[in-house]
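Here is how the chains run, residue by residue.
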2 protein chains.
Amino acid sequence: MDIHHLKIFASVYKYKSFTRASEELHISQPTISEHIKNLENSLDCRLFDRLGRSIMPTAEAEVLYPKALQIIDDLELLQEEVTAASTMIKGKLVIGASTIPGTYILPGVAYSFKKQHPDVAFEILIEDSARITNMVLQHELLCGIVGARIVSDKLDYTPLIEDELVLVATPKVLNQKTITLEKLTNIPFLQRETGSGTRQTFENFLEKNNCTSQNFNIVATLGSTSAVKQAAKAGLGAAVISRMAVQEALDSRVLKEVRINNLKIRRNFYLVRQKKRTLPHQYLAFCLHLRKGC
Amino acid sequence: MDIHHLKIFASVYKYKSFTRASEELHISQPTISEHIKNLENSLDCRLFDRLGRSIMPTAEAEVLYPKALQIIDDLELLQEEVTAASTMIKGKLVIGASTIPGTYILPGVAYSFKKQHPDVAFEILIEDSARITNMVLQHELLCGIVGARIVSDKLDYTPLIEDELVLVATPKVLNQKTITLEKLTNIPFLQRETGSGTRQTFENFLEKNNCTSQNFNIVATLGSTSAVKQAAKAGLGAAVISRMAVQEALDSRVLKEVRINNLKIRRNFYLVRQKKRTLPHQYLAFCLHLRKGC
DNA sequence: AACCGTTATCGGTATTATCTATTTAACTGA
DNA sequence: TCAGTTAAATAGATAATACCGATAACGGTT
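Everything numeric here is computed off the predicted structure, so don't read it as measured data. (Residues numbered from 1 in each chain as written. Chains lettered and ligands numbered in written order. Predicted model: local features only at pLDDT ≥ 70, side-chain atom pairs only at ≥ 80, totals over all residues. Heavy atoms only, no water.)

A few words now on the packing of aromatic side chains. Scanning all chains against the criterion turns up 26 aromatic pairs over all chains. Here the aromatic rings of A:Phe9 and A:Tyr65 are separated by 6.4 Å at their centres, their planes lie at 65°, and the arrangement is edge-to-face. Here A:Phe9 is found in helix 1 (residues 3-15), whereas its partner A:Tyr65 is found in helix 4 (residues 59-85), with 56 residues between them in sequence. Like A:Tyr65, A:Phe9 is buried. Between B:Phe113 and B:Phe286 the ring centres are 5.2 Å apart and the planes differ by 75°, which places this aromatic pair in the edge-to-face class. (Phe/Tyr/Trp six-rings, centres within 6.5 Å; stacked < 30°, edge-to-face > 60°. Helix = DSSP H or I, 4+ residues; strand = E, 2+ residues; numbered from the N terminus. Buried < 20%, exposed > 50% of the residue type's maximum accessible area, 1.4 Å probe, protein only.)

Okay, structure coming up:
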């Protein structure tokens, strides 16, 4: 017994006629006869008494009819709800982000998105780039915003916004406008943990300039951007930090920016997701919003 | 989209595997693939992301799954409820009956039936045999109990119990043990209306004895057995009435029985129903009970 | 690079849904 | 009572599709 049988039955019941039903459903009358016969066999009871020119529903048909209608309705509702799920922008949005985008980009973008689509609820998870990327790979997150790419043919990266890393320090630690890389290795230096996108970017920069962090005078390795910033403010050493994160400290002259070899350290933030996973509709909409809004 | 698709989808979702589902459903894996593809096309969305060795349900699948289970369940319930309708003895029992069976037979039989099957509710409609039979023909009643048969190839009659019609009168009207038909025609006579089974039976009796009610001295035609009985008691005339209806009056000597030509007027009560209508199960059970109990 | 486990695709077969034409049955009206 | 009408059942044929086995393609593992 499937839905098709029930639809045919319902139509026959409604019109009390095989022929009328066949007209409504655009199916030939013998086909209707056949289906009703099959339904009767599968339910092991007669559904209509054939009286010759007319038919009459049996007690079983009376029981079946309302329930059949209900199921037919439910099935239509089901289709609509699935369609709704793939067209409406609502539901949970769990976004992973590394420190800088999670702190200085996402809140604003999430706010403006929620203003347009009030039925979404954000959950923003902040971890370093490596951890976020790993969670995406493990299907623990559907997408993330990170400051470093790892090589993986499973992942799809979309560039979102450019950021600049700047060398900062208190005047006591470094009181000059520029510095060469060679000289920098002698300065007490603060760095992030290995998984950090900021660190990754800086190390790429060093490599490009034939250098490595092993030459540096590392006074501390710290687990977050703000920890590094606080340490730098305290005069513990110099550090390379996203401009976004230190703009305030630069404005208030607590920290000073020092150019390295007169170069800029640029990096991109990326939206990262698995190539093969289809994103729920609210995620797609948010990703679009992100690309426009950054 | 039909139930089969939903069942396959539910199994795939449950195992997160096309192959496991194919094993559970005893269908080949390519068939599963095909059905999921069809379902995806008909819903116009992807339901599982094929990640290579494994699959992951999409947001749409998450929406679909619980609702699909619900509908599958509902459909099974539906089957059970239809089966229940054709096996359980419960519900309304609308029985038509002519005066004598409706008054002297049905109440007792209905009572004993309801004791065995408390979930039935009787509705007993009393009209004369002709009207009851007509209502059966018009599908206004599913069955009736009547004292006269009409010729119709649509109707099915089952004999239930034998009854006897007796000529009764007050001693003032008729003070003798027997009477001949010829003499009876001179006696003031009370009769029922045309549709009455009692009258039909009596006229058949007259015809068999080469007589007709037109020869009779009809003082009144009355619309019910009890009206005729009351009129007879009042001494308005003689009447032919079911023995069941006048037993009390005979016992109390209010009325006296007079034999006609030393003959007995017998008749049967019949269960009447349309040959082509299938009776609901409680009706079938009651009809069986009737035949046993009479 | 070779090997597994999983899904997709292909080509063919079996089933069944559907059609038209016709028959059967019951009611209608002359 | 009998032709005419209407509706459902049946028969015979065809088209759609459900299903299968074999195998390719793909990702992950060794």
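Before going further, it helps to spend a moment on the nonpolar core. Grouped burial of nonpolar side chains is what soluble globular proteins tend to show. Within the largest apolar cluster, 53 residues are counted, with the highest numbers of intra-cluster contacts made by A:Phe9, A:Leu64 and B:Phe9. Of all the secondary structure elements, the ones that give two or more residues to this core are helix 1, helix 2 (18-25), helix 3 (29-43) and helix 4 of chain A together with helix 1 (3-15), helix 2 (18-25), helix 3 (29-43) and helix 4 (59-85) of chain B. Not counting residues up to four positions away in its chain, the partners in contact with A:Phe9 are A:Ile36, A:Leu39, A:Leu47, A:Phe48, A:Ala61, A:Leu64, A:Tyr65 and A:Ala68. (Core = buried A, V, L, I, M, F, W, Y, C linked by side-chain atoms within 4.5 Å. Contact = heavy atoms within 4.5 Å.)

If you look at the interface, chain B gives 34 residues, while chain A gives 34 residues. Surface buried jointly by chain B and chain A totals about 3100 Å² across both partners, of which 69% is contributed by carbon and sulfur atoms. Three residues, B:Met1, B:Leu78 and B:Val82, lead the burial of chain B against chain A; their summed loss comes to 17% of the area buried on that side. Across the chain B-chain A interface, the total number found is 4 salt bridges. Between B:Glu81 and A:Lys67 there is a salt bridge, with its nearest N and O atoms 3.5 Å apart. (Buried area = accessible area lost by both parts, 1.4 Å probe. Salt bridge = Lys/Arg side-chain N within 4 Å of Asp/Glu carboxyl O.)

The transform that puts chain B on chain A rotates by 179° and translates by 0.0 Å along the axis, for an RMSD of 0.3 Å. Accordingly, the operation relating the two chain copies is best matched by a two-fold axis. Identified as the residue of chain B closest to the rotation axis by C-alpha distance is B:Asp2, at 2.9 Å. Looking at the interface residues of chain B, 100% of them are also at the interface in chain A, so both copies use one shared face. (Least-squares fit on C-alpha atoms with pLDDT ≥ 70 in both.)

Lining the immediate surroundings of DNA strand D are 24 residues, of which A:Thr19, A:Ser33, A:Arg50, B:Ser28 and B:His35 lie closest. Each atom of DNA strand D within 4 Å of the protein belongs either to a base or to sugar and phosphate, the latter forming 78%. A distance of 2.8 Å separates a phosphate oxygen of DNA strand D from a polar atom in the side chain of A:Arg20. B:Thr31 has a polar side-chain atom sitting 3.0 Å from a phosphate oxygen of DNA strand D. Mapped by element, the contributors of at least two residues to the surface near DNA strand D are helix 2 and helix 3 of chain A together with helix 3 of chain B. (Near = heavy atom within 4 Å. Polar contact = N/O pair within 3.5 Å; in protein donor to acceptor, adjacent residues only side chain to side chain.)

What follows covers the protein's contact with DNA strand C. Near DNA strand C there are 25 residues, and of these A:Ser28, A:His35, B:Thr19, B:Arg50 and B:Lys276 occur at the shortest range. B:Lys276 places a polar side-chain atom, nitrogen or oxygen, 2.7 Å from a phosphate oxygen of DNA strand C. Of all the secondary-structure elements, those providing two or more residues to the surface near DNA strand C are helix 3 of chain A together with helix 2 and helix 3 of chain B. Looking at the surface near DNA strand C residue by residue, the classes come out as 6 nonpolar, 11 polar and 8 charged. (Nonpolar A, V, L, I, M, F, W, Y, C, P; charged D, E, K, R; others polar.)

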